[in-house]
Amino acid sequence: MNILLLVGFFESFLFPRSVLYEREFNPAHLHEKKFELILGSETRYELAELRAFYFYSRVDRFSIRFTSFGGSLYRENFFELGFGFPVGGKFALGFNFAGLNSWVKDLSNEFTYSVKAGGLYGAERFTMSVWVNNINVPRISSIDYAPISYTVRFEYLVRGNLNFNIAACGVETEMPFYKCGCAFAPYDIIVINLGVNTKPIVIEYGLKVNVGNMFVFYSGNRHQQLGLTHNLGLGFRR
């Protein structure tokens with residue numbers, strides 16, 4: 001199928017969907033008590049067959065995420081439960097447990113599950129975090145499976161409204177690729193994100209606007225051969 005030439009099985013869930021929510025991909029960040037709801041959609045390379053809709057909810061130290069990705073011929077569904085907790089004064093741990101469903105019209109409807117673990121160390125201005133996804137190597141057949149993915153990330157808060165980050169990311173035994181970026185809040189209601197990804201080489205960008213307890217965001221990138229990817233969302237927090 002043409003869609004599988006662009007995206008392998010469960011590839012959409014190996015790394016964060018948006019440059020604005022890279023921190024939230026690590027369940028260790030759930031150690032901070034928050035309430036948040038997000039509804040969003042992503043369209044990869046401006047193709048309807050590569051469109052995803054997702055819902056995310058966070059209550060205290062627990063989270064729920066649901067994502068449906070694909071089109072009328074091929075679809076992946078993802079449901080995840082997560083929790084995090086502090087360990088001592090500067091350390092935290094977290095875990096996610098997810099159910100994965102791969103559906104191919106008139107051919108198959110397969111189910112499996114995934115486990116993710118994360119940790120972090122946070123000082124006054126410096127944070128180091130790490131997560132490992134698909135620890136159990138989920139399979140839907142002897143050939144098709146979701147590989148282990150990981151990220152080691154460093155953040156440095158230069159000042160209250162400017163944060164720099166760099167990360168090494170990878171899949172199983174392949175050579176890692178790298179991401180670096182910054183988040184800048186010129187005003188209390190606006191957050192601007194810029195980043196560079198080395199595999200493939202793309203510039204990532206994002207904008208979040210806060211209006212009271214509500215916020216809207218847009219993020220995206222442009223692949224040199226495949227084109228633009230768009231991510232739009234609406235959220236509520238308190």
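Everything here concerns the structure above.
Just so it is clear, the model here is predicted, and its values are computed rather than measured. (Residues numbered from 1 in each chain as written. Predicted model: local features only at pLDDT ≥ 70, side-chain atom pairs only at ≥ 80, totals over all residues. Heavy atoms only, no water.)

Enquirer: How would you explain the packing of aromatic side chains if you had to name every residue and give the values?
Expert: The final tally for this structure, using the stated rule, is 13 aromatic pairs. One aromatic cluster is present, built from ring pairs that chain together Phe 15, Phe 25, Trp 131 and Phe 177. The ring of Phe 215 carries Lys 208 above its face, with NZ or CZ at 5.4 Å from the centroid. Arg 238 extends its terminal NZ or CZ atom over the ring of Phe 35, reaching a point 4.4 Å from the ring centre. (Phe/Tyr/Trp six-rings, centres within 6.5 Å; stacked < 30°, edge-to-face > 60°. Lys NZ or Arg CZ within 6 Å of the ring centre and 35° of its normal.)

Enquirer: Pulling in residues and values, what's your account of the nonpolar core?
Expert: Of all hydrophobic cores here, the largest spans nine residues; its members are Val 19, Leu 20, Tyr 21, Leu 30, Ile 38, Tyr 54, Tyr 56, Phe 215 and Phe 217. The set of elements that each furnish at least two residues to this core consists of β2 (51-60) and β13 (214-223). Beyond its immediate sequence surroundings of up to four residues, Tyr 56 is in contact with Glu 24, Leu 30, Glu 36, Leu 37, Ile 38, Ser 63, Ile 64 and Arg 65. Ranked by size, the runner-up nonpolar core spans eight residues in total, among them Leu 14, Phe 15, Phe 25 and Trp 131. (Core = buried A, V, L, I, M, F, W, Y, C linked by side-chain atoms within 4.5 Å. Buried < 20%, exposed > 50% of the residue type's maximum accessible area, 1.4 Å probe, protein only. Helix = DSSP H or I, 4+ residues; strand = E, 2+ residues; numbered from the N terminus. Contact = heavy atoms within 4.5 Å.)

Enquirer: So what's going on with unusual backbone geometry? Which residues, and what values?
Expert: Note that the residue after Lys 199, namely Pro 200, is joined by a cis bond; omega there is -5°. If you trace the backbone, Pro 200 turns up in the loop between β11 (190-198) and β12 (201-211). Non-glycine residue Tyr 45 carries a positive phi angle of around 55°. Topologically, Tyr 45 is positioned in the loop between β1 (34-43) and β2. A relative accessible area of 16% means that Tyr 45 is categorised as buried. One non-glycine residue with positive phi stands out, namely Asp 106, at about 60°.

Shape is all these values report; function is a separate question.
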